[in-house]
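# Fold and contact review
Listed below, chain by chain, are the residues.
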Amino acid sequence: MPDRIPTADDSARNRTPLVFGGIPEAEGWALAPITPRDRVHFRVDHELPLDEFRRELPDGVTVSYDEGDGLYRVDGACGSAAVLADWIRAWCSGRGVTTIGLRAETGVRRRTPRDLPPDFLADLCRHYGPVSLKRLQRNMSTIRLHLPDPDDLGQQVFEWVLKAVAQYDETKSVPFGAFLATQLSKWVHDLGRNAHGRTAADTEHKQQKAIAAFMAEHQRRPSEKELAAYMGQSIATLRRNSQTVATLNGLRNLQSLDGAPEATEILLPDSAEAPDEIMGEAEQTLLSHALTAACAPDPDARRDQRAGQPNVLGWATWYLTTWGGQTKTQLSADLNTSVRNMNVYADRVEKALKHRLAELADQ
């Protein structure tokens, strides 16, 4: 009788178990099993003072904030979802903040990475960090747009590994490495969402994916009509979405946002000698300069953080509504994003702009 041909399942069964910090991987997860908790998700019309919010949360309750989505997640013990939701509404209302899309969720399964044995967690990160970098090679052109510094990329990868540790459910019989690989693909895409807004980034991703699939099938780029048919869209929709992508790509590549606006000297004429129209131009130049500085990346922030990216959507909202003569509703339609999303990014500009104008006024 001929020998049976080995299968992939055989290889998996015969693979030597990984050991981290002297503990087999499966045993390590069992030492800090993933547990259920209640969670409240919500957004707000203005960013919360997060430090104050954390200080005043009830005991045992934690909060995380996704800067890219503007989404707050408040976690508490099972059975506390309704109470937490009411507390959050009251806290925000008392500060003139309106909650958006607040919903309570029960039984959310998460673990806290620090509950794992320290040596186990350290070894696991040392193993899966390089594995993740190798897995991300196919996405490197996208990643370099947001994380050009190798040190920033390395740090981001380890943060993703920890994020996967927090979400990994060992009871699902899926190896951690396979779960991590799936999540990495999603989180790379989220880099664009965080920097430029979810809707525009999704639109760009869908178009690029469709073009790549068409080229693989036909060995040439599609025409506008072919691409519209391939994506199941009308030509009018495709053109509108293409304009969204082109507009945000142009804003993303603005050299003024990547430079050092503080190094540009602005000379204002003496008001006693300059006619009104010259002073008007000088005032607009001053405001434009302050706006660009307010939207530039924070040099002290990591590249993966929202503050470490040019705030192109905030810049577009302020510039095109202030000097371009467009309303937010019109701009929302042009950029294929929500007014709420524009307000989130514009609020960041407002805070930085007030600070910048105050500095210029003191000079």
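Below: a short report on this structure. In this text the structure is predicted, and so the values were computed from the model without any measurement. (Residues numbered from 1 in each chain as written. Predicted model: local features only at pLDDT ≥ 70, side-chain atom pairs only at ≥ 80, totals over all residues. Heavy atoms only, no water.)

## As for the overall build of the protein chain
Counting its regular elements, the protein chain contains 16 helices and 6 strands. Buried positions account for 39% of the 363 residues belonging to the protein chain. Contacts in the protein chain between residues far apart in sequence, at least 24 positions, make up 69% of those at least 6 positions apart. Working note: accessible area of the protein chain is about 20,300 Å², and carbon and sulfur atoms make up 52% of it. (Helix = DSSP H or I, 4+ residues; strand = E, 2+ residues; numbered from the N terminus. Buried < 20%, exposed > 50% of the residue type's maximum accessible area, 1.4 Å probe, protein only. Contact = heavy atoms within 4.5 Å. Areas by Shrake-Rupley, 256 points an atom, 1.4 Å probe, with all protein chains shown as cover.)

## Structural notes on the sheet that holds strand β3 (residues 35–44)
Pairing within the open sheet is antiparallel, and its 4 strands lie in the order β4-β5-β3-β6. The outermost strands of the open sheet, each flanked by one partner alone, are β4 (62–66) and β6 (99–110). Recorded for the sheet is a direction-independent mean angle of 20 degrees between the axes of neighbouring strands. Running over the sheet, helix α4 (residues 81–93) touches β3, β5 (71–76) and β6 and is turned about 150 degrees from β6. (Pairing = 2+ DSSP bridges. Axes fitted to C-alpha atoms, helices over the stretch in contact; angles between N-to-C directions.)

## Observations concerning the pattern of salt bridges
Summed over all chains, the structure comprises 10 salt bridges. We note a salt bridge from aspartate 75 to arginine 39, for which the minimum N-O separation is 2.6 Å. In this pair, aspartate 75 sits in strand β5 while arginine 39 sits in strand β3, placing the two residues 36 residues apart along the sequence. Here the two residues aspartate 75 and arginine 39 agree in accessibility, since each one is buried. Arginine 89 is paired through a salt bridge with aspartate 86; the nearest N and O atoms lie 3.2 Å apart. Remark: aspartate 86 and arginine 89 occur in helix α4; sequence separation between them is 3 residues, near one turn of the helix. By relative accessible area, which is 40% here, arginine 89 ends up partly exposed. Taking the relative accessible area as the measure of exposure, aspartate 86 reaches 49% and is therefore partly exposed. Taken together, the shared-partner salt bridges connect Glu52, Glu56 and Arg95 into one network. (Salt bridge = Lys/Arg side-chain N within 4 Å of Asp/Glu carboxyl O.)

## Some details on the side chain of threonine 317
By the element assignment, threonine 317 lies in helix α14 (residues 312–322). Of note is the side chain of threonine 317, whose polar atom sits 2.8 Å from the backbone oxygen of leucine 313. Each residue touching threonine 317, except ones within four places of it in the same chain, is listed here: Lys328, Leu331, Met342 and Ala346. (Polar contact = N/O pair within 3.5 Å; in protein donor to acceptor, adjacent residues only side chain to side chain.)

## Some remarks on α4
Since there are 3.6 residues in each turn of an α-helix, residues three or four apart along the chain are aligned in direction. End to end, α4 covers 18 Å across 13 residues, agreeing with the expected 18 Å (1.5 Å per residue, within 8%). Next to the buried residues of α4 lie β3, α3 (50–56), β5 and β6. (Expected span 1.5 Å × (residues − 1).)

## Describing the packing of helix α5 (residues 118–135) against helix α7 (residues 150–167)
A packed helix pair is summarised by two numbers, namely the angle formed by the two axes and the spacing between the axes. Two elements in contact, α5 and α7, have axes separated by 9 Å at closest approach and are oriented at 120 degrees. With respect to α7, the axis of α5 lies oblique. Pair α5 / α7 crosses with right-handed handedness. In contact with Leu121, Leu124, Cys125, Arg126, Tyr128, Gly129, Ser132 and Leu133 of α5, α7 contributes Leu153, Val157, Phe158, Val161, Leu162 and Val165. Residue composition of the contact of α5 with α7, by class: 11 nonpolar, 2 polar and 1 charged. (Parallel < 35°, antiparallel > 145°, perpendicular 65-115°, else oblique. Left-handed = near helix turned anticlockwise from the far one by under 90°. Nonpolar A, V, L, I, M, F, W, Y, C, P; charged D, E, K, R; others polar.)

## Looking at the pairing of β3
One face of the sheet, then the other: side chains in a regular strand alternate in exactly this way. With respect to burial, β3 is a largely interior element, 7 of its 10 residues being buried. Where β3 and β6 come together, 8 bridges link them in antiparallel fashion. Looking across to β6, one finds that arginine 39 is bridged to glutamate 105. Across 5 bridges, the pairing between β3 and β5 is antiparallel. Following the sheet pairing, phenylalanine 42 is matched in β5 by tyrosine 72.

## Let's talk about the packing of aromatic side chains
Scanning all chains against the criterion turns up 16 aromatic pairs. On the basis of an interplanar angle of 45 degrees and a centroid distance of 5.1 Å, the ring pair of tryptophan 29 and phenylalanine 176 is categorised as tilted. One end of the pair, tryptophan 29, is in helix α2 (residues 25–31); the other, phenylalanine 176, is in helix α8 (residues 176–196), and 147 residues separate them in sequence. Comparing tryptophan 29 with phenylalanine 176, the two get one shared label, buried. What links up through ring pairs into an aromatic cluster is the set Phe20, Trp29, Phe120, Tyr128, Tyr168, Phe176 and Phe179. Its end group placed over the ring of tryptophan 91, arginine 95 keeps NZ or CZ at 3.8 Å from the ring centre. (Phe/Tyr/Trp six-rings, centres within 6.5 Å; stacked < 30°, edge-to-face > 60°. Lys NZ or Arg CZ within 6 Å of the ring centre and 35° of its normal.)

Interpretation note: all reported values are geometric properties and have no functional meaning in isolation.
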